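# Residue-level structural notes
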Amino acid sequence: MKKLMVAACLVWGVWHAAQSFASVPIVYSRCERATGTFDLTGTVTVNGVKQTVTRTLRGLDMYDVLPDVTNFFSGFAAPCDLMLRRPDGSEQIVYNCSSNSTKQNACAALDPQVSFDGKQIAFSVFRGTLVHNTANIHSQVLHPDATPENLGWQDLPSMHLQSSGAHLHIYDLETKTTDAMPFEKGVFDAGPTFIDHNRLAFTSTRDGNLSTMVFRTNTNRLGTRIWAIDTDWKNLELSSHHSLSQEQHPFTLMDGRVAYSSWQIFGGLPFRYANSGPGWFTTLDNLFHIYTQMPDGAGNFPLFGQHSGDHAVSYYGEDHMAAHFMTQMSDGRVCFSDYYRGNNNGAGVIICVKPEPKGMEGKSPYNVAVPADMYVPHDVVNVAPWAINDDAIAKPLDPPAVTVPGYDDPMLFTGKLSHPAALPQNGLMMTWFKGLCSSVIDDHIFKKMGKPTPPLINGSGSGTGMNLLTHLDKDIPGCDGGIYLATKIPSRHPSDLQLIVDSPDWHEIMGRAVVPYQAIYGIEKPAEIPRADRLVDRPELPAGTPFGLLGAASITDRETRPRGGVPVLESLHAFHLQGTDTIDYTDEELCGVRMIATYPNRGPNIHEQIANVTGERVAILGEVPVLHYAADGSRIKDPSGHPDTSFLLSFPANTPYIMQGIDCDGRTLNTDQSWQHLRPGEEKTCGGCHVHARPTRIQFVDSFAATPAYVIPQLGRGQVPLLTGKSGNIVTTRKVPGYGMQIEFTRDIKPIFDRHCVSCHGGGQPAAGLALDRTNGANHAQNTTWWCLVVDNQQTCTPPELRVTGMSGESLSRPFLSKYIKAFNSRGSLLYWKAANQRTDNRTDAQYPNDINFGVDHPTSITPEELGMLSRWIDLGTPGGAQELRDTQKPTLNLAATIDDDRIIGLRIGTTDVGSGIDPDSLVVCIQDGQKRCQNIPRKADVHEIITMTLRNPISNIGAEIEASVKDLAGNETHVKWTVGWLLAHNKEQVH
C-alpha cells in the first residue's frame, strides 16, 4: 500500500510536537488519505480546434469518502488502522490494515469503544476489496476555454473499500492480544459499545431484513438492528426488534440507556419535505435521529430530532440533518455529529444536548416560535457555530489565520466537525475536517478573495472540487480529518482547537479516551437497568411468556393535533413532521386503539412484493375500546376529572408495532409512525398519547386500566377483534380468525368494487371518470384502478374539468395520494365519502372554498362490514402488492429456566406468532453435552402459550449451552442459545 510506514506494531516519533497536547491516551482509526497531485490528460475542443491537454490537478482527497449514515457498510476510504496514542505522542498500531491489505483482501479497523475499566478496546473490522475512485471529468477542468462536454470516467489513484462483511474484535491492553468474533461473509457486525463489563451492544445485518421501501421508490438497503453479545462471543441476542430500517453506532449513556442513530422512514415521515415536487419525499438519509432504549431493547424512545429539522434553522443555529456518532460529556450532555448525508464525509456540526426528563422530548409544538423547534430539547449547545451541516463546502475562513502542520499555506476554509468524544474534566475532542469537505462546490472563496470565478466552479461532480483547488494553487487540503481538543465551548473560531493528532497522510477519526469510566464520569460504570421482565411481577407475565403488556393512562391527553391545525387541503408538516390527527374531531370521538404489527422486508426485489404507502407489510393485531362505564351507566372519570380512556393490552413480544387512535367504527383519527416493540415479560405504560412536551394529567397507576376491575384484552391468541360501532354505552365488536388481519386490494377491495361500484364506475365511460374495473394485471402498473387511487397525485386519471387545484396546481401534495385518497385517512378521503354516502371529516362542502367537496348524493349498497374493510384498507396504507400477504415476521420464542439451588431443573418455553401461526412440530430444544453435541428433547410448541419441561438431570455447569428454535407455518425461524450461566443470572423465577 501507499503508506507502509513501518510493519512493527510500535511506532515511535511524533508528527509534530504540538501533538503532545493529549493529556490521556486515546484510541482512534486512521484511514488513508489521497495526497499529491494527479496528471490528467484528455482531448478537448478549444475555439473549434481539438487538442490534447494535460493538467496537474490538486485535491484528490475531494474524492475520499469516510463512514457516515449512507456509507455505513462500504464505499469508504481504506485501509484503516486502529491506533493507540499515548500522552507522550508515541503510537502503537493495535490493528494493522495498511501494511497487510492487498487490493483483493483489504480491511478497515473502525468504531473503537473502551471498556468501563479502561483495559479493553472493542472495535469493528470491515473486510473486502479495494476499488479505485472514479470521476466523470468535465472538459473545462482540463482547459477553462474548452467547449463544455464530459470526457468520461477516469480512474483516480485513491481507493475505497468494497466491503463483503464486518466482524467485532476486542483488544486487551494488558496482554496485548486481540480476540475476534468469527467473520461471516455478507454479515456486517459493527459499531460495538460496552453495556456491561463483559457484554457488548452492536449493530448487525444478521437478521436479514431490508430497509423500509419508501413510497415512490423501488429500492431498499440492508437493514441493521441492535444486538447484544458477551465478550466471549456467547449469548447472542437481538435487542431492537422494532427496527425495520437501520440503527447505527449505539452508545451507552450514564443512566444505563443505550443511545443510537435510528433511520425513521416509515409511512408519512419521509414526506415532510418534497425534494422532487408535489407528492415526493425529502432526502431520506437525513432522517437519522437519536433514540434510546434499555440494554435489553425495551423502552425505545426519541432523544433528538424526530420532529425537528426540515429545511429550517432551530434556535441553536442549525437545521437538523442526520444525527450520528455520539458521546456523552462528564456533565451528562449527549453530543453527536449532525451532517448532510453522503456528500460530506459524515462531517458537519457537533450538537450537545441535555437530555429531557423521562418521557419528554423537548419544547411544545404549540408554544415554539418556529416549526424547527418542535420537540427540540430545551438545552442545546452548538459546539462550533463556524461549522455548517449544509450540503455545501465549508465557509471561507475569517482571520486569524490558522496553519496546520504538513501544509505550507494557511487554511482558507473553516472546515467541518464530526466524531465527538468525551475526555476527563468535561473535555471534548473531535475530528476537525479541514478544507472544503463537500462534493457540492461554490465560488464563495473567490468572491471573498476578490478574484474572478473560473469556469466550472459551482456545482457537484465533474471534477469541480479538484478544479477549484487547482485554481487556488495553495497547499491546503480538499478535506483532511485530524483529532483536536475543544479548548472552549462554544468555539468561536477554528483557532480555538488544540491539535492532538493530525497527519496529512491520514484521516484520523473516531477517537476515544483510553481511561476508566470513572475518570470521565465519576462512577465505575453506567447505571444498571434490569431486564424488562424482572421489573414486573404479575401473573399475566410468567417466566417464559412470549407476550408483553402495553398500556396508557389516557388517549385523550394527547399532543396529536398538528401545529396550525388539520390542513384544509395540503400540508407537508402536518402528519409528516408533527401531529397526525386525520380530521377535526373532539375527544368524545376517540373510542379505541388499534394495534398494528409491522413486518420486516425480506428477500430481493421488494418493489415487486409490496405496493403500499407504509413501506412495509402491516397486520391488525386487534382493536380495543377505551370507553369505561360504571355500574350506573356513567362514564368513569380519571383523577383529573376527565373521562377515563385508559387501556392495557397483552400481545406478542418481539414484534414491531405501531398504534392508531380510532373512532367506534374503527376509522383512524390519529396514528403512530415510529416502530416500537415489547420484550417478553415487559410491561410498558405511559400517561398519554404522544405527550412528550409536558407532564401528563395522570400516571398510568392512577387509571382504571391499572385496577383489578379492568379485564386485559388478549391479542395474538387466534382471533382479531374489530370495532363495529356503538349502541348506547356498548362499543360493538366482531372477531375474525387469525393472529393478525392483513388487508390487500385484490383479495379484499376489488370484490367490493365489483359488487357495488363497477356498474357505474366501469366500462369505456366510467362515472366521474373514475374507473374501478381496471384490475387486471399488476396493481401498481400505470392507469390501473389501484394506481389511479393511490399513485395519481397528478390527477391524470381524472377528467380535466373534475380536477382540483392545490398548492402546485393540479399536482397534489400530501396528505393526498390522489384526488380520491388521503394517506392513512379514510375519514378524509373522497373515495370513502362516496362509499359511505356522506362526508365524514366533520366539515361541510360550504365551509372552505378551496377543499375537495363531497358533492351530490351518492347512494350505495355497500354493507357496514364492507365499508369497514374499505376504511381499514385506506388507514393501513392501501396495500396492493403481489406478495402483500406474505408472512415475513419471525415467531416469538422465549426460553427461560426453572432453577433450584443454582441448578437448572426445568425449562419454560413460550412461543407465538402474529403472521401464519406457530408450527408446533418445528420446536427443537437442545442441551449440549460435554463434547458440545446436541441432546434434543422432543416436545411440541404451543401455538401461543408456554410449555414446561422437567430435566431428568439438573444442569449446573455454567458453560453448558441450551438452545431452542421454532418455525411458523410460513417457514420463518427463530433461534436462541443461552449458557447455563446466563440463565442462572437473568432468570425471573426460582424454585427453592
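Treat the numbers as computed from the prediction; the structure is a model and nothing was measured. Numbering of residues starts from 1 in every chain and runs along the sequence as written. The predicted nature of this model means local features are confined to residues of pLDDT at least 70 and side-chain atom pairs, given and counted, to a pLDDT of 80 or more, with totals for whole chains, interfaces and linings taken over all residues. Excluding hydrogens and water, the side-chain values take into account all heavy atoms of the structure.

So, on to the overall build of the protein. When helices and strands are counted, the protein shows 10 helices and 45 strands. The globule rule is 2.2 Å times the number of residues to the power 0.38, and the radius of gyration it is compared with is taken over C-alpha atoms. In terms of overall size, the protein behaves like a compact globule, its C-alpha atoms giving a radius of gyration of 30 Å where 992 residues would be expected to give roughly 30 Å. Seen through its C-alpha atoms, the protein measures out along the principal axes to roughly 85 × 80 × 50 Å. Burial here depends on accessible area, computed with a 1.4 Å probe over protein chains only, as a share of the maximum for the residue type. Under 20% is buried, over 50% is exposed, and the range in between is partly exposed. Taken across its 992 residues, the protein has 63% of its residues classed as buried. Sequence separation of 24 or more characterises 68% of the internal contacts of the protein that already satisfy a separation of 6 or more. Counting every atom, the protein has about 35100 Å² of accessible surface; 51% of that belongs to carbon and sulfur. Within the protein, one finds 83 positive and 105 negative side-chain charges whose respective centroids are separated by 1 Å. A run of H or I in DSSP becomes a helix once it reaches four residues, and a run of E becomes a strand once it reaches two; helices and strands are each numbered from the N terminus. Contact definition: two residues touch when any of their heavy atoms are within 4.5 Å. Note on areas: these come from Shrake-Rupley sampling with a 1.4 Å probe, and a residue is covered only by the protein chains present in the view. His is not counted here, nor are the chain ends, while Lys and Arg score as positive and Asp and Glu score as negative. Charge positions are represented by NZ for Lys, CZ for Arg, CG for Asp and CD for Glu.

Counting residues in hydrophobic clusters, the biggest one holds 98 residues, and the most contacted among them are F336, F413, L417, L468 and L472. At 5 residues, the largest contribution of residues to this core is made by strand 21 (residues 349-353). For F336, the residues in contact, after removing those within four places along its chain, are I290, F304, A323, H324, F325, M326, V349, I350, I351, V353 and P420. F73, I596, C757 and L789 belong to the second-largest nonpolar core, a separate cluster that totals 90 residues. As used here, the term nonpolar core means buried Ala, Val, Leu, Ile, Met, Phe, Trp, Tyr and Cys residues forming a set that is joined through side-chain atoms within 4.5 Å.

In space, the 4 strands of this open sheet follow the order 11-12-13-14, with antiparallel pairing throughout. Edge strands, defined here as strands with exactly one partner in the open sheet, are strand 11 (189-196) and strand 14 (237-238). Note: strand 12 (residues 199-204) against strand 13 (residues 225-230), 6 bridges, orientation antiparallel. When the bridges of strand 13 are listed, R199 appears paired with D230. The pairing criterion for strands is at least two bridges between them, as found by DSSP.

Moving on, we get to the UniProt feature "domain: Hydrazine synthase alpha subunit middle" (unreviewed entry) in the protein. Under the present numbering, the feature "domain: Hydrazine synthase alpha subunit middle" (unreviewed entry) in UniProt falls on residues 642-690. Between the first and last C-alpha atoms of residues 642-690 the distance is 17 Å; the span itself is 0% helix and 41% strand. UniProt positions are given in the numbering used here, feature names are shortened, and annotations may be inferred rather than shown by experiment.

Attention shifts here to the side chain of R594. Note on placement: R594 falls in strand 31 (residues 592-599). Nitrogen and oxygen atoms within 3.5 Å of one another constitute a polar contact, given that in protein one can donate a hydrogen and the other can accept it, and given that sequence-neighbouring residues count only through two side-chain atoms. Separated by 2.5 Å, the side chains of R594 and Q660 make a polar contact.

This part takes up the domain arrangement of the protein. Per the domain assignment, the segments making up the protein are domain 1 (26-521), domain 2 (541-737), domain 3 (748-876) and domain 4 (892-986). Domain delimitation in this document rests on an assignment produced automatically or drawn from a domain database. Placing a centre on the C-alpha atoms of domain 1 and another on those of domain 3 gives a separation of 45 Å. Contacts between domain 1 and domain 3 engage 7 residues on the former and 11 residues on the latter. Under this grouping Gly is polar, as are all residues other than the nonpolar Ala, Val, Leu, Ile, Met, Phe, Trp, Tyr, Cys and Pro and the charged Asp, Glu, Lys and Arg. Looking at side-chain class alone, the side of domain 1 that touches domain 3 contains 3 nonpolar, 3 polar and 1 charged residues.

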